[in-house]
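Each chain, letter by letter, is given below.
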Amino acid sequence: MSDTTTAMTEEQKAALVRSTRRLDLRRILGGLFVVYGVITTIVGIVHWDTDAQKTGGIHINLWVGLSMLVGGLLFFLWDRLAPVPAEDIIGQAEAEADQKAAGEGRDH
């Protein structure tokens, strides 16, 4: 990139990587699964007798809640073990900046 107006500083690159990783879809989905899993598990514990009567002896809210908790934690684990590479985030941002510059008629 020879155009100095589109070059990012190291601080800007680090901030971009942090914000992109913070808003990773795996974190959002993991958080939703954990919240709903906690709620459903609590409902399964509180309504212990009525769940089994309605579902043929299976405590469905408890099992679904625990499954959702495990699923949410697996999303968090996946995000932790395989984060989006910083090179991909920065490369995508630079490519978008180049496309925007080309669309505005500026050569780099």
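Regarding the packing of helix α2 (residues 25-46) against helix α4 (residues 60-81)
- The interhelical angle for the contact between α2 and α4, taken along N-to-C directions, is 160 degrees, at an axis separation of 7 Å. As judged from the angle between their axes, α2 and α4 are roughly antiparallel. As α2 runs across α4, the sense of the crossing is left-handed.
- Taken together, the residues that form the contact of α2 with α4 break down as 16 nonpolar, nine polar and three charged.

Some thoughts on helix α5 (residues 86-103)
- Between its terminal C-alpha atoms α5 stretches 26 Å, which fits the 26 Å expected from 18 residues at 1.5 Å a residue.
- Looking at α5, one finds that the buried residues are Ile 89, Ile 90 and Ala 101. The buried residues of α5 occupy an angular sector of 105 degrees when projected down its axis, which confines them to one face. Within α5, the exposed residues directed more than 90 degrees away from the buried face are Glu 87, Gln 99 and Gly 103.
- Of the surrounding elements, those touching the buried residues of α5 are α1 (10-22).

Observations concerning the side chain of Thr 40
- Within the element layout of this structure, Thr 40 appears in helix α2.
- Sequence-distant contacts of Thr 40, that is, excluding residues within four places in its chain, are made with Asn 61, Leu 62, Val 64, Gly 65 and Met 68.

Some words on the environment of Asp 24
- With respect to the secondary-structure elements, Asp 24 resides in the loop between α1 and α2.
- Looking at Asp 24, the relative accessible area reads 12%, which means it is buried.
- Between the C-alpha atoms of Asp 24 and Leu 69, which are 45 residues apart in sequence, the distance is 19 Å.
- A distance of 2.7 Å separates polar atoms of two side chains, one belonging to Asp 24 and the other to Arg 26.

Topic: α4
- The end-to-end C-alpha distance of α4, which contains 22 residues, comes to 31 Å, matching closely the 32 Å that a straight helix rising 1.5 Å per residue would cover.
- Taken residue by residue, α4 has Leu 62, Gly 65, Met 68, Gly 72 and Asp 79 as its buried positions. Angular distribution of buried residues about the axis of α4 spans 135 degrees; they occupy a single face of the element. Exposed side chains of α4 directed beyond 90 degrees from the buried face belong to Trp 63, Leu 74 and Leu 81.

What counts, and at which threshold
- Residues numbered from 1 in each chain as written.
- Predicted model: local features only at pLDDT ≥ 70, side-chain atom pairs only at ≥ 80, totals over all residues.
- Heavy atoms only, no water.
- Axes fitted to C-alpha atoms, helices over the stretch in contact; angles between N-to-C directions.
- Helix = DSSP H or I, 4+ residues; strand = E, 2+ residues; numbered from the N terminus.
- Parallel < 35°, antiparallel > 145°, perpendicular 65-115°, else oblique.
- Left-handed = near helix turned anticlockwise from the far one by under 90°.
- Nonpolar A, V, L, I, M, F, W, Y, C, P; charged D, E, K, R; others polar.
- Expected span 1.5 Å × (residues − 1).
- Buried < 20%, exposed > 50% of the residue type's maximum accessible area, 1.4 Å probe, protein only.
- Arc of directions from axis to C-beta.
- Contact = heavy atoms within 4.5 Å.
- Polar contact = N/O pair within 3.5 Å; in protein donor to acceptor, adjacent residues only side chain to side chain.

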